[in-house]
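Single-letter residue listing:
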Number of protein chains: 2
Amino acid sequence: MLRNSSTAHGALRRASLSSAPTARLHSFPSSSASLPIIPPPRSSRAHSSFTSWNPHTTHSHRSRFLMTPLDPLDCEEQRPMSAQRGRPSFVPTPSVDLDDTSIPMRLRMIHHIKSLQSTICEALESLEPSGQKFKSSYYLRDASKGFGDSRVLQDGETFEKAGCNISVIKSTLSVPAVRQMRAERFDWWDGVSELPYFVAGCSLVVHPRNPHAPTIHFNYRYFEIQDPKDPNGEPKAWWFGGGTDLTPSYLYEDDARHFHGLYKEACDRHAAGYYARFKKWCDEYFYIPHRQESRGIGGIFFDDLSEGDPEAIFKFVRDCSNSYLPAYYPIVERRKDQPFTEEEKRWQQLRRGRYVEFNLVYDRGTKFGLAMKEPRTESILMSLPLTSRWEYEPEVGTIEGSREKKILDILKKPVEWA
Amino acid sequence: MLRNSSTAHGALRRASLSSAPTARLHSFPSSSASLPIIPPPRSSRAHSSFTSWNPHTTHSHRSRFLMTPLDPLDCEEQRPMSAQRGRPSFVPTPSVDLDDTSIPMRLRMIHHIKSLQSTICEALESLEPSGQKFKSSYYLRDASKGFGDSRVLQDGETFEKAGCNISVIKSTLSVPAVRQMRAERFDWWDGVSELPYFVAGCSLVVHPRNPHAPTIHFNYRYFEIQDPKDPNGEPKAWWFGGGTDLTPSYLYEDDARHFHGLYKEACDRHAAGYYARFKKWCDEYFYIPHRQESRGIGGIFFDDLSEGDPEAIFKFVRDCSNSYLPAYYPIVERRKDQPFTEEEKRWQQLRRGRYVEFNLVYDRGTKFGLAMKEPRTESILMSLPLTSRWEYEPEVGTIEGSREKKILDILKKPVEWA
């Protein structure tokens, strides 16, 4: 069998499940045209139809337990109350208290992304019946300039390709690089010195095999700039950036509302205007001008976030990044075994082509990464799908009333989902 | 069967031919490791092992016949003397005399690329046992701003995707666009007017299905700039650009020498230094910095060619573009039915990923096209392969002594083939 035909054969095998009565297939409505789409729940909290973990509730639990003596039973209860049996933990467990302001923000951000990465990889592995695990490539940058850890699960049964990277860099920004950044940050800069910087970030891209399960991406990072003349190396400027966005090949309104509803809640916990502002930013950022369509159905996106208290923003960034598993895990759990046809797989592959176009032509992170002096190309391009497809003027997507046309219409005109 | 698995299934079907005694399979050595690679011929004219048509010879024939009365037998002889039985014509037949200097260059270039496109599409179709033909999308640009004709053959048995476009544009260059161009051309420019321009070009990309048959690309174009104050619209600046380059997944030295040898001959017919100059330019242009490798094994590439006599350059451009079929056709003819393995197909798909990276991240034509106000995206991105693949840190290509490592080594250090 051809190695690169595993998609095709896997799909065939899975499509044949449509006639096999398994518990999972019967517990969720199918996507096929002859079966009804899951009706949106009547409650205003659209995602309540999912049994999912609420990061806010869990944070409260943890705080409570951290402040009282623990006994074994209490420890048991740290596991999210609402988690479905058999689901792994969705709660990162950093080895330092991330609210301890006596620990430098840099270090706390590193602890956060490390525990986030481990929790996510373990949770996603639990959705992989092949038993495949993430493979980790840990690397040190030259001359203590930082380190990275790229974890990739490739060619699995559930995931065609899933990657979760952390990256920590200490280096200097060239004069032209500083000039390209927001000037107001650098009113103290002499205009000729290279500026030391530090960045710690975690990024993730997951491309499931099933065309009914959406691709997801996130990236959260903390940036600091130092004054080269300051012997203490205190940050002179700092900001957080990040976001999480969803890219389905087929639209499931319930999934879209669950995802956006959860991120709206996360935003609302921190500031009233955040969701509206960062949802719009996301729609604008993930736009493909030459296709006149969005890459996906959005989510939240922000950059240069440095207004006010860094502790408050750090809490917000943690809450958003910790919302990834409750936002995405239940969707994949629901869609991964859904039967699909060869035409649906073809459409997914064409949509993957658009994903590649956005990432290689427009994504600032990719461009910044590839333009580095010694780019770690494998880590930067980990976001690309295992397989993709380009057809010249395909008819699919143009037929009125089709599900392919429906998602395209939404990509051409973003919808408010929460 | 999954539609997007046609590659895989086609490959399996073709791989199984290795045990089927067909005339074609026995007339060429196989690529598999257990069979010898075709030894390079001992003659200094390396491509002499191919029975191919020589455009130079044929030009002479045509001139002679055009100047003397024709009888039916003479007409017969217009067919290239060295063509193999069953091969289609490699000779474009424009409906005007391209050497007639009383016809404006613009018009002659249009005639040239139209006849070139037709000849090429017809010839490539003859290599397609599926019987599939190129589909033509002819389009007019708004307000007589030109026209285009995109011809694509997709998902065939020999060709995974083959596209040959002609494009004719009359428009104006914005002030920033003029400023980005070579200043010495515009010493008469007032610095504030938009400049009318004309461009006519033909571009081609062919991605065969068989991993032993190389991808090929060419692009030839003629550019004119007018002075907006000149009521006669005479060109104030003009240049030709173009090139042809080859991208194999597996190296066949004989193919590489045939291809480069033929382009060296074409160059040598016009100027002594052309081949060395344009081969180097090609190696430099088709370089992927973030992979530290070339896209392919080169060929020729030039831009801004406007030294001396436009008639001489037009002859050179015609000769180069007419050399495409003799350079490429025999290679595909030889490789298209060669047995291949699933691992070889996978390697080809990974190489296709690199092709996508170059075209979307670096290619100036793609970037220019996508940045246009109303880009014809389907035509611009026709160059992308039907399918491609990205793996994280694949082992293939790293193993000493393997054929995959061999081609990668050559892509990291260009070779002189002619």
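This structure is a prediction, so every number in the text was calculated from the model and none was measured.

Procedures and definitions
- Residues numbered from 1 in each chain as written.
- Chains lettered and ligands numbered in written order.
- Predicted model: local features only at pLDDT ≥ 70, side-chain atom pairs only at ≥ 80, totals over all residues.
- Heavy atoms only, no water.
- Helix = DSSP H or I, 4+ residues; strand = E, 2+ residues; numbered from the N terminus.
- Buried < 20%, exposed > 50% of the residue type's maximum accessible area, 1.4 Å probe, protein only.
- Contact = heavy atoms within 4.5 Å.
- Pairing = 2+ DSSP bridges.
- Axes fitted to C-alpha atoms, helices over the stretch in contact; angles between N-to-C directions.
- Phe/Tyr/Trp six-rings, centres within 6.5 Å; stacked < 30°, edge-to-face > 60°.
- Lys NZ or Arg CZ within 6 Å of the ring centre and 35° of its normal.
- Salt bridge = Lys/Arg side-chain N within 4 Å of Asp/Glu carboxyl O.
- Lys, Arg positive; Asp, Glu negative; His and termini not counted.
- Polar contact = N/O pair within 3.5 Å; in protein donor to acceptor, adjacent residues only side chain to side chain.
- Expected span 1.5 Å × (residues − 1).
- Parallel < 35°, antiparallel > 145°, perpendicular 65-115°, else oblique.
- Nonpolar A, V, L, I, M, F, W, Y, C, P; charged D, E, K, R; others polar.
- Disulfide = S-S within 2.5 Å.
- pLDDT = per-residue confidence, 0-100.

### Quick word on the overall build of chain A
Step number 1: Within chain A, the regular secondary structure consists of 14 helices and 10 strands.
Step number 2: The buried share of chain A, reckoned over its 418 residues, is 58%.
Step number 3: Within chain A, residue pairs in contact and separated by at least 24 positions form 72% of the contacts whose partners lie at least 6 positions apart.

### Describing the sheet that holds strand β4 (residues 195–208) of chain A
Residues and elements named next belong to chain A.
Step number 1: Overall, antiparallel pairing links the 7 strands, which are arranged β1-β2-β3-β4-β5-β6-β9 in an open sheet. At either end of the open sheet lies a strand with only one pairing partner, and these are β1 (135–140) and β9 (299–305). Along the sheet, successive strands turn relative to each other by an average axial angle of 10°, direction set aside.
Step number 2: As judged from the 14 bridges shared by strand β3 (residues 159–173) and β4, these two strands associate in the antiparallel manner. Bridge pairing in β4 links Lys161 to His207.
Step number 3: Sheet strands touched by helix α8 (residues 274–285): β6 (235–247) and β9. Its angle to β9, the strand with the most contacts, is close to 95°.
Step number 4: Those strands touched by helix α9 (residues 310–322) are β5 (215–226), β6 and β9, and its axis lies near 20° from that of β6.

### Observations regarding the packing of aromatic side chains
When we look at a pair of aromatic rings, we describe it by the centre distance and by the angle of the planes.
Residues and elements named next belong to chain A.
Step number 1: Counted according to the given criterion, the structure contains 52 aromatic pairs over all chains.
Step number 2: Judged by centre distance (4.8 Å) and plane angle (45°), the ring pair of Tyr274 and Phe278 falls under tilted. Of the two residues, Tyr274 and Phe278 are both situated in helix α8; the distance of 4 residues between them amounts to about one turn of the helix. For the pair Tyr274 and Phe278, a shared accessibility class is recorded, and that class is buried.
Step number 3: Over the ring of Tyr252 we find Arg335, and its NZ or CZ is 3.8 Å from the ring centre.

### With respect to the sheet that holds strand β3 (residues 159–173) of chain B
Residues and elements named next belong to chain B.
Step number 1: Reading across the sheet, the 7 strands line up as β1-β2-β3-β4-β5-β6-β9 and stay open at both edges, with antiparallel pairing between neighbours. Of all the strands in the sheet, the pair left with one neighbour each is β1 (135–140) and β9 (299–305). Adjacent strand axes in the sheet meet at a mean angle of 10°, parallel and antiparallel pairs treated alike.
Step number 2: Taken together, the 9 bridges between strand β2 (residues 146–154) and β3 define a ladder with antiparallel strand orientation. Within β3, the residue paired with Gly146 across the bridge is Ile169.
Step number 3: Helix α11 (residues 342–362) rests against β3, β4 (195–208), β5 (215–226) and β6 (235–247) of the sheet, and its axis sits at about 170° to β4.

### Regarding the pattern of salt bridges
Step number 1: One pass over the structure, following the stated rule, counts 72 salt bridges over all chains.
Step number 2: A salt bridge links A:Glu160 to A:Arg209; the nearest nitrogen and oxygen atoms lie 4.0 Å apart. Here A:Glu160, found in strand β3, pairs with A:Arg209, found in the loop between β4 and β5; they are 49 residues apart in sequence, far enough to count as distant. Note on accessibility: A:Glu160 and A:Arg209 belong to one class, buried.
Step number 3: For A:Arg354, the salt bridge identified is with A:Glu293, shortest N-O distance 3.4 Å. Pair noted here: A:Arg354 is in helix α11 (residues 342–362) and A:Glu293 is in strand β8 (residues 293–294), with a separation of 61 residues, a long-range link.
Step number 4: Judged by relative accessible area, which is 17%, A:Arg354 ranks as buried.
Step number 5: Look at A:Glu293 and you get buried, because its relative accessible area is 3%.
Step number 6: Sharing partners across several salt bridges, the network here consists of A:Asp155, A:Glu160, A:Arg209, A:Lys345, A:Arg352, B:Glu343, B:Arg346, B:Arg389 and B:Glu391.

### Looking at the side chain of A:Asp227
Residue and element names in this part refer to chain A.
Step number 1: In this structure, Asp227 sits in the loop between β5 and β6.
Step number 2: Comment: no salt bridge for buried Asp227; closest opposite-charge side chain is Lys229, at 4.6 Å.
Step number 3: At 2.9 Å, the side chain of Asp227 forms a polar contact with the backbone nitrogen of Lys229.
Step number 4: Every residue in contact with Asp227, bar those within four places of it in the chain, is listed here: Trp188, Glu234 and Lys236.

### Let's talk about α11(B)
Step number 1: Relative to the 30 Å expected for 21 residues at 1.5 Å per residue, α11(B) spans 30 Å between its end C-alpha atoms, a close match to the ideal helical length.
Step number 2: Most of α11(B) sits inside the fold, with 18 of its 21 residues counted as buried.

### Some thoughts on the side chain of A:Ser150
Step number 1: Its place among the elements puts A:Ser150 in strand β2 (residues 146–154).
Step number 2: Exposure remark for A:Ser150: the relative accessible area of 0% places this residue in the buried category.
Step number 3: In terms of polar contacts, A:Ser150 uses its side chain to reach the side chain of A:Asn165, at 3.2 Å.
Step number 4: At 2.7 Å, the side chain of A:Ser150 and the side chain of A:Ser379 are in polar contact.
Step number 5: Ignoring anything within four residues of it in the chain, the contact list for A:Ser150 reads A:Lys135, A:Ser136, A:Ser137, A:Tyr139, A:Cys164, A:Asn165, A:Arg376, A:Ser379 and B:Tyr392.

### Examining the pairing of β5(B)
All names here are of chain B.
Step number 1: Among the 12 residues of β5, 10 are classified as buried, and the element is accordingly described as predominantly covered.
Step number 2: In the sheet, β4 pairs with β5 via 10 bridges, with the strands oriented antiparallel. Looking across to β5, one finds that Val206 is bridged to Ile216.
Step number 3: The turn linking β4 back onto β5 is made up of 6 residues.
Step number 4: Relative to β6, β5 runs antiparallel, the two being bridged by 12 bridges. Among the inter-strand pairings, Arg221 is bridged to a residue of β6, identified as Gly241.

### So, helix α10 (residues 324–335) of chain B
Step number 1: With 12 residues, α10(B) should reach 16 Å at 1.5 Å per residue; the first-to-last C-alpha distance of 17 Å fits that figure.
Step number 2: Among all positions of α10(B), only B:Tyr324, B:Leu325, B:Pro326, B:Ala327, B:Tyr328, B:Tyr329, B:Pro330, B:Ile331, B:Val332, B:Glu333, B:Arg334 and B:Arg335 are buried.

### Comments concerning the packing of helix α5 (residues 105–125) of chain B against helix α9 (residues 310–322) of chain B
Residue and element names in this part refer to chain B.
Step number 1: It is at 11 Å that the axes of α5 and α9 come closest, and there the two elements cross at 10°. Taken together, the axes of α5 and α9 lie roughly parallel to each other. On α9, the residues that touch Met105, Arg108, Met109, His112 and Leu116 of α5 are Pro310, Glu311, Phe314, Val317, Arg318, Ser321 and Asn322.
Step number 2: Taken together, the residues of the contact of α5 with α9 break down into 6 nonpolar, 3 polar and 3 charged.

### A look at the state of the cysteines
Residues and elements named next belong to chain B.
Step number 1: In the structure shown here, the tally under the stated rule is 0 disulfides over all chains.
Step number 2: You can see Cys267 has no disulfide; the closest cysteine sulfur is in Cys320, sitting 5.0 Å from it.
Step number 3: Overall, Cys267 belongs to the buried group, its relative accessible area being 0%.

### Let's talk about unusual backbone geometry
All names here are of chain A.
Step number 1: Of note in this structure, Asp155 is not a glycine but carries a positive phi near 60°.
Step number 2: Within the secondary structure, Asp155 sits in the loop between β2 and β3.
Step number 3: Look at Asp155 and you get buried, because its relative accessible area is 18%.
Step number 4: For Asp304, which is not glycine, the phi torsion reads 60° and is therefore positive.
Step number 5: Looking at where Asp304 falls in the secondary structure, it is placed in strand β9.
Step number 6: The exposure class of Asp304 is partly exposed, given its relative accessible area of 22%.

### Examining the confidence of the model for chain A
Low-confidence regions, as indicated by low pLDDT, have predicted coordinates that should not be scrutinised in detail.
Step number 1: When the pLDDT values of chain A are averaged, the result is 82; 79% of them are 70 or greater.
Step number 2: Note that pLDDT drops below 50 for residues 1–49 of chain A; the model gives that stretch 93 contacts with residues more than four away or on any other chain.

### Remarks on the environment of A:Phe286
Step number 1: Take A:Phe286: it is sitting in the loop between α8 and β7 (287–288).
Step number 2: The spacing of A:Phe286 and A:Asp245 is 41 residues in sequence and 8.8 Å in space, taken between C-alpha atoms.

### So, the environment of A:Tyr392
Step number 1: With respect to the secondary-structure elements, A:Tyr392 resides in the loop between β10 (387–389) and α14 (403–412).
Step number 2: Leaving out residues up to four positions away in the same chain, A:Tyr392 has contacts with B:Ser137, B:Ser150, B:Val152, B:Gln154, B:Lys161, B:Arg376, B:Glu378, B:Ser379 and B:Met382.
Step number 3: Within the structure, A:Tyr392 has its side chain in polar contact with the side chain of B:Ser150 (distance 3.5 Å).

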